[in-house]
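Structure assessment
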Amino acid sequence: MAYQHIVVPSEGEKITCLDDRSCFPDHPILAFIEGDGIGADIMRASKRIWDAAVEKAYGGQRKIAWMEIYAGEKAAGLYGGDYMPEETFEALREFKVGIKGPLTTPVGGGFRSLNVTLRQVLDLYACVRPVQWYRGVPSPVREPQNVNVVIYRENTEDVYAGIEYQAGTPENEKLAAFLRDELGAKFFEGSGLGIKPISAFGTKRLMRAALRYALERGRKSVTIVHKGNIQKFTEGAFRNWCYEVAREEFGDQTITEDQLWDDYNGQLPEGKILVKDRIADIMFQHMLLRPKEFDVIVAPNLNGDYLSDAIAAEVGGVGIAPGANIGDSVALFEATHGTAPKYTDLDKVNPGSLMFSGVMMLEFLGWQEAADLIARAYERTLDQKTVTYDFARQMDGATEVRTSEFATALIGNMDAVLA
């Protein structure tokens, strides 16, 4: 289709589907949203790193054709104040795979969150957050190397669905009267009211995606995290529906904890995935005290949000935590932190979150060699204590560098890794 401001690269090929590697050409057109605040600095540095890794890993046989699309403040400047233009959605639907920097949600505007809007409009139902430690990254825990999990957070339901009514409004009073008079509910006068939808459809497609990922990547367990002991018909149902998918669709490849101990004396059989569940509050403790017991985590939207950031803190924080929002027809990778506007255009901040989101994107394309090259060069750069300001203040003898200089150092270390 014709676009108003988006320029489609003359070189490069369109990705036509997400469920078959044959749909991924060697010269794909990948969309990117620069982002607000620090977005320009970290996107510029990260694109240099991704491009260098692809060139060095494949010697020119593979190459990304970048296509800029727009959201946030940059979009507002181009589209007459529209922070989320329709052609951005259309471009992502057409070209399938993209990556974005952090976005500012306009105060008083029509969006609760630009990020949530992207997820809901494009039905990006799985928020995927891998959390692992890289050698040399400062951590508040003694054994961060024991943390290596992938969180599948449901992205479209739960409290993020936005069904709530402000106290004192006619809508609130109407709902309050119905809940009290028709259903016998009891709650304080003047309460704000919210509705939390969790469906079998939304839950099952998330669990399906998590189990497929676990099987493809050789992961050993999938843990369902919920508060079903209290919220029995939403989060309790989430737990039950997840187990249904495992039992009915992946029965030959999964076992439960009861089966593990009753039939296999606690020893996971080769080729099987253990499916288990944990109450949300105790899960936070387990991830601090027994992180080796967990591999892939599946959670409703709010639990997954909390867990993603809390576990990321164990391995260095959200500043280096990658993420992606993936649906059946679009995959959008993203930095997981905010825009940090006070550092705008200062070439100062750590590009790690966006950079590693790009590593996820390379893995998604099947370009594992390029992804691994970045990860190994990253660790080598940290071994040299060449870091941005956030890590420099936590390391003795560190050399503090700018965002762009960190990218240059990492790219230079790729040659040493290859050698």
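Quick note: structure is the one above.
These remarks concern the structure in this document. (Residues numbered from 1 in each chain as written. Predicted model: local features only at pLDDT ≥ 70, side-chain atom pairs only at ≥ 80, totals over all residues. Heavy atoms only, no water.)

Within the chain, the regular secondary structure consists of 14 helices and 15 strands. The C-alpha atoms of the chain give a radius of gyration of 22 Å, which matches the 22 Å a tight globule of 419 residues would have. When the backbone C-alpha atoms are referred to their principal axes, the chain occupies close to 65 × 60 × 45 Å. Counting contacts in the chain only where the partners sit at least 6 residues apart, residues at least 24 apart contribute 72% of the total. (Helix = DSSP H or I, 4+ residues; strand = E, 2+ residues; numbered from the N terminus. Rg over C-alpha atoms; globule rule 2.2 N^0.38 Å. Contact = heavy atoms within 4.5 Å.)

Residue position: Glu157 is located in the loop between strand 5 (148-154) and strand 6 (164-165). Aside from chain neighbours lying at most four places away, what touches Glu157 is Pro197, Ile198, Ser199, Gly202, Thr203 and Asn301.

Given two aromatic rings, their pairing is described by the distance between the two centres and the angle made by the two planes. Under the defined criterion, the tally for this structure stands at 12 aromatic pairs. Arranged with centres 5.6 Å apart and planes meeting at 35°, the rings of Trp50 and Trp66 form a pair that is tilted. Here the residue Trp50 occupies a position in helix 1 (residues 39-58), and Trp66 occupies one in strand 2 (residues 65-69), the gap between them amounting to 16 residues. Grouping residues by exposure puts Trp50 and Trp66 together as buried. Between Tyr378 and Phe406, the aromatic rings sit 6.1 Å apart at their centres with planes inclined by 75°, giving edge-to-face as the arrangement. Here Phe406 lies in helix 14 (residues 403-418) and Tyr378 lies in helix 12 (residues 368-383), a separation of 28 residues in the sequence. (Phe/Tyr/Trp six-rings, centres within 6.5 Å; stacked < 30°, edge-to-face > 60°. Buried < 20%, exposed > 50% of the residue type's maximum accessible area, 1.4 Å probe, protein only.)

Our focus in this paragraph is the nonpolar core. By size, the foremost hydrophobic cluster in this structure holds 88 residues, and its most contacted members are Tyr152, Met207, Tyr378 and Met414. Residues in contact with Met414, not counting those within four places in the same chain, are Ile49, Ala52, Ala53, Lys56, Leu373, Ile374 and Ala377. Residues Ile6, Phe89, Phe95 and Leu103 belong to the second largest nonpolar core, which totals 24 residues. (Core = buried A, V, L, I, M, F, W, Y, C linked by side-chain atoms within 4.5 Å.)

This part covers the packing of helix 9 (residues 280-289) against helix 10 (residues 301-314). In the contact formed by helix 9 and helix 10, the axes pass within 11 Å of each other and the chain directions differ by 15°. Viewed along their axes, helix 9 and helix 10 adopt a mutual orientation that is roughly parallel. Considering how the two elements wind past one another, helix 9 and helix 10 form a crossing that is right-handed. From helix 9, Ala280, Met283, Phe284, Met287 and Leu288 reach across to helix 10, where they touch Asn303, Tyr306, Leu307, Ala310, Ile311 and Glu314. (Axes fitted to C-alpha atoms, helices over the stretch in contact; angles between N-to-C directions. Parallel < 35°, antiparallel > 145°, perpendicular 65-115°, else oblique. Left-handed = near helix turned anticlockwise from the far one by under 90°.)

This part covers the state of the cysteines. Here the structure, examined in full by the defined rule, presents 1 disulfide. Disulfide pairing places Cys17 opposite Cys23 at an S-S distance of 1.7 Å. Torsion about the S-S bond of the Cys17 and Cys23 cystine: about 75°, corresponding to right-handed handedness. Like Cys23, Cys17 is buried. Left unpaired, Cys127 is separated from the closest cysteine sulfur, that of Cys242, by 16 Å. (Disulfide = S-S within 2.5 Å.)

With respect to the element layout, Asp36 can be found in the loop between strand 1 (29-33) and helix 1. Despite its burial, Asp36 pairs with no opposite charge; the closest candidate is Lys100, at 8.7 Å N-O. In this structure, Asp36 is in contact with Ala71, Gly72, Glu73, Lys74, Pro102, Leu103, Thr104 and Thr339, ignoring residues within four places of it in sequence. (Lys, Arg positive; Asp, Glu negative; His and termini not counted. Salt bridge = Lys/Arg side-chain N within 4 Å of Asp/Glu carboxyl O.)

Another aspect to go through is helix 4 (residues 114-121). Along helix 4, the residues classified as buried are Leu114, Val116, Thr117, Leu118 and Arg119. One side-chain oxygen of the residue at the start of helix 4 lies 3.2 Å from the amide nitrogen of Asn115, identifying that residue as Ser113. (Polar contact = N/O pair within 3.5 Å; in protein donor to acceptor, adjacent residues only side chain to side chain.)

Turning to unusual backbone geometry, a few remarks are in order. Of all residues except glycine, most have a negative phi; of all peptide bonds, most are trans. The backbone of Ala340 shows a phi angle near 40°, a positive value even though the residue is not glycine. Of note, Ala340 is situated in the loop between strand 13 (331-335) and helix 11 (352-365). In this structure Ala340 comes out as partly exposed when scored by relative accessible area, which is 29%. Phi at Lys385 takes a positive value of approximately 60°, unusual for a residue other than glycine.

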